[in-house]
Amino acid sequence: MKDNEPTLSSIEDYDTLKGSKKRVVWAVIISGLIIGAIFVTAKIIYGGVEDTILVNESIGKVPVK
């Protein structure tokens with residue numbers, strides 16, 4: 001019984017991407033850059049965390065079962 005899994009040697013565009021695969025790769029790269037830019041913009045607009053709650057208590061001993 002032969003496996004139906006593709007191997008690197010059987011993929012016709014192993015060395016170079018062509019056609020729709022190239023467009024998919026570029027779409028993933030561009031969308032990643034856009035999402036990253038949105039997060040950076042939100043960080044710049046809304047700033048850092050200024051409403052933190054300070055906790056002065058420390059854990060002396062952690063109970064172990």
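The sections below set out a description of the structure shown in this document. (Residues numbered from 1 in each chain as written. Predicted model: local features only at pLDDT ≥ 70, side-chain atom pairs only at ≥ 80, totals over all residues. Heavy atoms only, no water.)

### Topic: the overall build of the protein
Applied cut-off: Numbering of helices and strands starts at the N terminus; helices are DSSP runs of H or I of at least 4 residues and strands are runs of E of at least 2. Whether a residue is buried, partly exposed or exposed follows from its accessible area with a 1.4 Å probe, protein chains only, as a fraction of its type maximum: under 20%, in between, or over 50%, in that order. To be clear on the numbers: accessible area is Shrake-Rupley with a 1.4 Å probe, and residue cover counts the displayed protein chains and nothing else.
Check the secondary structure of the protein and you find one helix and zero strands. Per-residue burial over the protein gives 2% buried out of 65 residues. Looking at the protein as shown, the accessible area adds up to about 7,000 Å², and 63% of this sits on carbon and sulfur atoms.

### Some points on helix 1 (residues 20-46)
This is how the line gets drawn: To estimate how far a helix should reach, multiply one less than its number of residues by 1.5 Å.
Given a rise of 1.5 Å per residue, 27 residues ought to cover 39 Å, and the 38 Å separating the end C-alpha atoms of helix 1 matches this to within 8%. In the segment just after helix 1, G47 is the residue with positive phi, at about 70°.

### Considering a nonpolar patch on the surface
As a reminder, the rule being used: Exposure above 30% relative accessible area and the lack of any salt bridge qualify a residue for a patch; like charges then connect within 9 Å, and the nonpolar side chains Val, Leu, Ile, Met, Phe, Trp and Tyr within 5 Å. Within this document, salt bridges are pairs made up of a side-chain nitrogen of Lys or Arg and a carboxyl oxygen of Asp or Glu, the two lying within 4 Å of each other.
There is a patch of nonpolar side chains on the surface, built from L17, V25, W26, I29, I30, L33, I34 and I38 and spanning about 760 Å² of accessible area. Locating I30 in the fold gives a position in helix 1. With relative accessibility at 41%, the residue I30 sits in the partly exposed group.

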